[in-house]
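# Examining the three-dimensional arrangement
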Amino acid sequence: LSAFSALYNGSFGSVNSIANTLSKAVPLLFTGLAFAFAYKSGLFNIGGEGQLYMGALASTAIALSMGNAPRYLVLIAAIAAAMVAGGLVGAFTGFVKAKLQINEVIVAIMLNYVATLFASYCLNGPLKAEGMTPQTELLSEHVLFSKLVPRTQLTSALYLALVAAVIIYFFFRKTRAGYNIRAVGENRFAAQASGVQMPLTAVMAMAVSGGIAGLAGMTEVFGKYGRMIDGFSPGFGFTGIAVAMLAGNNPFGIILTAILFGALDAGSMKMSYVAGISTNMVMVIQGLVILFVATPNIVRALAGRKGAASRG
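Residues numbered from 1 in each chain as written. Predicted model: local features only at pLDDT ≥ 70, side-chain atom pairs only at ≥ 80, totals over all residues. Heavy atoms only, no water.

### Concerning the overall build of the protein
Regarding its fold elements, the protein presents 12 helices and zero strands. When the helices and strands of the protein are listed from N to C terminus, the series reads α-α-α-α-α-α-α-α-α-α-α-α. In summary, the protein has a C-alpha radius of gyration of 20 Å against a globular reference of 20 Å for 312 residues, a match within 12%. For the C-alpha atoms alone, the extent of the protein along its principal axes is close to 65 × 50 × 35 Å. Expressed as a percentage of its 312 residues, the buried residues of the protein come to 48%. Residue pairs in contact within the protein that sit at least 24 positions apart in sequence constitute 73% of those at least 6 positions apart. Looking at the protein as shown, the accessible area adds up to about 15200 Å², and 66% of this sits on carbon and sulfur atoms. Averaged over its 20 positive side-chain charges, the protein has a centre that lies 16 Å from the centre of its 9 negative ones. (Helix = DSSP H or I, 4+ residues; strand = E, 2+ residues; numbered from the N terminus. Rg over C-alpha atoms; globule rule 2.2 N^0.38 Å. Buried < 20%, exposed > 50% of the residue type's maximum accessible area, 1.4 Å probe, protein only. Contact = heavy atoms within 4.5 Å. Areas by Shrake-Rupley, 256 points an atom, 1.4 Å probe, with all protein chains shown as cover. Lys, Arg positive; Asp, Glu negative; His and termini not counted. Charge placed at Lys NZ, Arg CZ, Asp CG, Glu CD.)

Structure below.
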């Protein structure tokens, strides 16, 4: 009771705690949406981490090169650069899957290493600021996202994430392209028979997925750090997979699960020093949540196999 009380107070016990929870939920919301978008087409985008780093790198480089340009121009260019950079990584994965029939999980895992290590090279080389830490120069204050709560890391990037969730929801519900992607994910043979171009759909789904993941990196740089730092992501791309799966890949559900995971992360430090429980316990809780959500599907699958075997 002491541990969970401290966890709750650290997550929702004050305005600053709530702001901290929401700020930690923002990158998880983007990476969760990215995974869900690809999953709707039947593809498993496990490359969100690499796409996130490429989005952060491209947006930071663009912002630094634009100097003292007007704020709105810098932000628009940075958002576009992040989506293009992440989208190119995702599109390559989709292209390899569509044309060469190579498993997208294997390609995405390898590209994670390529992207993160390339970003590390840039931060230790051509983009490195003075000093020992591999990081870029600070961005101008006027181009950063505005803070919603003073002295916290919660910025207007939250609005961008919520808008992205709404757009994705209506994209799949109200557009022909969204219907085609869902059709491919639910039954690719029927979709192909109805005239859906499978290779184009796969490439497009992975490109958009990568672009959304790229925004996660951009918003971390422009919302929290004011510069790109090597290793700034603790694994947002992988945690986003759990966030999306827990929400059933529903964009509005992803908002809630991202907040849940953000709350666990935000409250872990207070739980640690109040109750003396390691912050690693939060990862255990997250794993148990996913396990219990997945259990009914596992049971149904095992029951189906047992039934088929008994009939055979």
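### Quick word on the environment of Gly32
Residue position: Gly32 is located in helix 2 (residues 15-40). A residue is classified by how much of its surface remains accessible, and Gly32, at 0% relative accessible area, is buried. When the C-alpha atoms of Gly32 and Phe172 are compared, they prove to be 16 Å apart, with 140 residues separating the residues in sequence. When sequence neighbours within four positions are dropped, the list of residues in contact with Gly32 reads Gly240, Ala244 and Ile254.

### Observations regarding a nonpolar patch on the surface
Where nonpolar side chains cluster on the molecular surface, the patch consists of Met281, Val284, Leu288, Leu291 and Phe292 and spans about 460 Å² of accessible area. Mapped onto the elements, Leu288 comes out in helix 12 (residues 280-311). (Patch = residues over 30% accessible without salt bridge, like charges linked within 9 Å, V, L, I, M, F, W, Y side chains within 5 Å. Salt bridge = Lys/Arg side-chain N within 4 Å of Asp/Glu carboxyl O.)

### Digging into the side chain of Glu104
Tracing the backbone shows Glu104 in helix 5 (residues 104-124). Within polar-contact distance, the side chain of Glu104 engages the backbone nitrogen of Phe44 at 3.0 Å. (Polar contact = N/O pair within 3.5 Å; in protein donor to acceptor, adjacent residues only side chain to side chain.)

### As for the packing of aromatic side chains
As enumerated under the stated definition, the model contains 11 aromatic pairs in all. Geometrically, the ring pair formed by Tyr8 and Phe12 is tilted, given 5.8 Å between the ring centres and 45 degrees between the ring planes. With Tyr8 and Phe12 both in helix 1 (residues 2-12) and four residues apart, the pair spans about one turn of that helix. A centroid spacing of 4.9 Å and a plane angle of 50 degrees characterise the contact between Phe37 and Phe172, whose relative ring orientation is tilted. (Phe/Tyr/Trp six-rings, centres within 6.5 Å; stacked < 30°, edge-to-face > 60°.)

### Observations regarding the packing of helix 4 (residues 71-100) against helix 9 (residues 198-225)
Helix-helix packing is described using two parameters, namely the angle between the two axes and the distance between the axes. Orientation of helix 4 relative to helix 9, taken along the N-to-C sense of each, is 140 degrees, at an axis distance of 6 Å. As for how helix 4 packs across helix 9, the hand of that crossing is right-handed. For the contact of helix 4 with helix 9, the per-class residue count stands at 16 nonpolar, eight polar and no charged. (Axes fitted to C-alpha atoms, helices over the stretch in contact; angles between N-to-C directions. Left-handed = near helix turned anticlockwise from the far one by under 90°. Nonpolar A, V, L, I, M, F, W, Y, C, P; charged D, E, K, R; others polar.)

### Observations concerning unusual backbone geometry
The residue Gln101 is not glycine, and still its phi comes out positive at about 55 degrees. Mapped onto the secondary structure, Gln101 falls in the loop between helix 4 and helix 5. Judged by relative accessible area, which is 59%, Gln101 ranks as exposed.

### Considerations on the pattern of salt bridges
Tallied over the entire structure, the rule returns three salt bridges. In this structure, Lys24 engages Asp265 in a salt bridge whose closest nitrogen and oxygen atoms are separated by 3.9 Å. One end of the pair, Lys24, is in helix 2; the other, Asp265, is in helix 11 (residues 251-275), and 241 residues separate them in sequence. Since its relative accessible area comes to 37%, Asp265 is described here as partly exposed. Across the salt bridge formed by Glu104 and Lys97, the nearest N and O atoms sit 3.5 Å from each other. Note on Lys97: relative accessible area 24%, which makes it partly exposed.

### Some remarks on the nonpolar core
Soluble globular proteins: nonpolar side chains tend toward being buried together. Phe30, Leu33, Phe222, Met228 and Ile254 are the most contacted members of the largest nonpolar core, which has 61 residues in total. For this core, the secondary structure elements donating two or more residues are helix 2, helix 3 (48-66), helix 4, helix 5, helix 6 (157-174), helix 9, helix 10 (236-246) and helix 11. The leading source of residues in this core is helix 2, at 11 residues. For Phe222, the contacting residues outside a window of four places in its chain are Ser59, Thr60, Ala63, Leu75, Ala78, Leu139, Val143, Leu144 and Phe145. (Core = buried A, V, L, I, M, F, W, Y, C linked by side-chain atoms within 4.5 Å.)

### Regarding the packing of helix 2 against helix 6
It is at 9 Å that the axes of helix 2 and helix 6 come closest, and there the two elements cross at 20 degrees. By the criterion of interaxial angle, the relationship of helix 2 to helix 6 is roughly parallel. Note on packing geometry: the crossing formed by helix 2 with helix 6 is left-handed. Along the contact surface, helix 2 presents Leu22, Val26, Leu29, Phe30, Leu33, Phe37 and Lys40, while helix 6 presents Ala157, Leu158, Leu160, Ala161, Leu162, Ala164, Ala165, Ile168, Phe171 and Phe172. The residue inventory of the contact of helix 2 with helix 6, partitioned by class, reads 16 nonpolar, no polar and one charged. (Parallel < 35°, antiparallel > 145°, perpendicular 65-115°, else oblique.)

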